[in-house]
Amino acid sequence: MHEFSIAQSMLQIAADQAARHNATRVTKISCRIGVLRHVVPSMLQSAFEIVAAETPAAGAALEIEKQPVTVRCRECETADPSFDWRCNCPSCGSSDVEITGGSELLITRIELETKHDDSKDPDAPQRVWP
Ligand SMILES: [Zn+2]
């Protein structure tokens, strides 16, 4: 169940951000997960609840945005989001295709509760997993 490893990494990133901004609590984590990661959102949610228990991120809402697979043809440069990576290019028929999206695993936003202001964005989207 790799959802636990991902949840651990997400918690680590959220805890780092919370410490950097002197936050008392992490209230929400938004992430973007490519479908090629085969992450089951409900399993990630449960795993996160378990790993975040008794941390400042306990009870944080998890917002999971699924990123579809995107493919680009190396021959004719067609990049059609509906074109399936297991198929040949719909324009030129080449099988020399490259997967350009769908394996993302990024935290796009972390909402924190601080003593002074309400929420902060992370400095940049952060990669959760290699
Ligand atoms: Zn092509």
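Residues numbered from 1 in each chain as written. Predicted model: local features only at pLDDT ≥ 70, side-chain atom pairs only at ≥ 80, totals over all residues. Heavy atoms only, no water.

> Give a description of the coordination of the zinc ion that names residues and reports values.
Think of it this way: four donors in a tetrahedron around the metal ideally sit 109.5 degrees apart, and six in an octahedron ideally sit 90 or 180 degrees apart. Looking at the metal site, the zinc ion is ligated by Cys 73 (SG), Cys 76 (SG), Cys 89 (SG) and Cys 92 (SG), spaced 2.3 Å from it. Classification of the site at the zinc ion rests on its four donor atoms, whose angles at the metal span 107 to 114°, yielding the label tetrahedral. Positions of the donor residues of the zinc ion, expressed as sequence spacing, correspond to C-x2-C-x12-C-x2-C. With relative accessibility at 4%, the residue Cys 89 sits in the buried group. (Donors = N, O, S within 2.8 Å, 3.2 Å for Na, K, Ca; no water. Tetrahedral: all angles 85-135°; square planar, octahedral: opposite > 155°, others 65-115°. Buried < 20%, exposed > 50% of the residue type's maximum accessible area, 1.4 Å probe, protein only.)

> Could you give an account of the nonpolar core, naming the residues involved and the relevant values?
What tends to happen in soluble globular proteins is that the nonpolar side chains get buried as a cluster. Ranked by size, the top nonpolar core spans 26 residues in total, and within it Met 10, Val 26, Ile 29, Leu 44, Phe 48 and Ile 107 carry the most contacts. Residue assignment for this core shows that the elements contributing at least two residues are helix 1 (3-20), strand 1 (23-34), helix 2 (41-52) and strand 5 (105-114). For this core, the element with the most residues is helix 1, which contributes seven residues. With residues near it in sequence (within four places) discarded, Ile 29 still touches Met 10, Ala 14, Phe 48, Ala 61, Leu 62, Glu 63, Ile 107 and Arg 109. Judged by nonpolar contacts, the second largest core, of five residues, contains Val 69, Val 71, Cys 89 and Val 97. (Core = buried A, V, L, I, M, F, W, Y, C linked by side-chain atoms within 4.5 Å. Helix = DSSP H or I, 4+ residues; strand = E, 2+ residues; numbered from the N terminus. Contact = heavy atoms within 4.5 Å.)

> Can you break down the packing of helix 1 against helix 2 residue by residue, with the values?
Remark: helix 1 packs on helix 2, axes separated minimally by 8 Å, with the N-to-C direction vectors making an angle of 55°. With respect to their mutual orientation, helix 1 and helix 2 come out oblique. In this structure, the crossing between helix 1 and helix 2 has a hand that is right-handed. Residues Glu 3, Phe 4, Ile 6, Ala 7, Gln 8, Met 10 and Leu 11 of helix 1 form the contact with helix 2, whose participating residues are Met 43, Leu 44, Ala 47, Phe 48, Ile 50, Val 51 and Ala 52. Looking at the contact of helix 1 with helix 2 residue by residue, the class counts come to 12 nonpolar, one polar and one charged. (Axes fitted to C-alpha atoms, helices over the stretch in contact; angles between N-to-C directions. Parallel < 35°, antiparallel > 145°, perpendicular 65-115°, else oblique. Left-handed = near helix turned anticlockwise from the far one by under 90°. Nonpolar A, V, L, I, M, F, W, Y, C, P; charged D, E, K, R; others polar.)

> Give a detailed account of unusual backbone geometry, specifying residues and quantitative values.
One non-glycine residue, Asn 22, adopts positive backbone phi at about 50°. Tracing the sequence through the fold places Asn 22 in the loop between helix 1 and strand 1. Phi at His 38 takes a positive value of approximately 50°, unusual for a residue other than glycine. One can find His 38 in the loop between strand 1 and helix 2.

As far as function goes, none of this settles anything; it's purely spatial.
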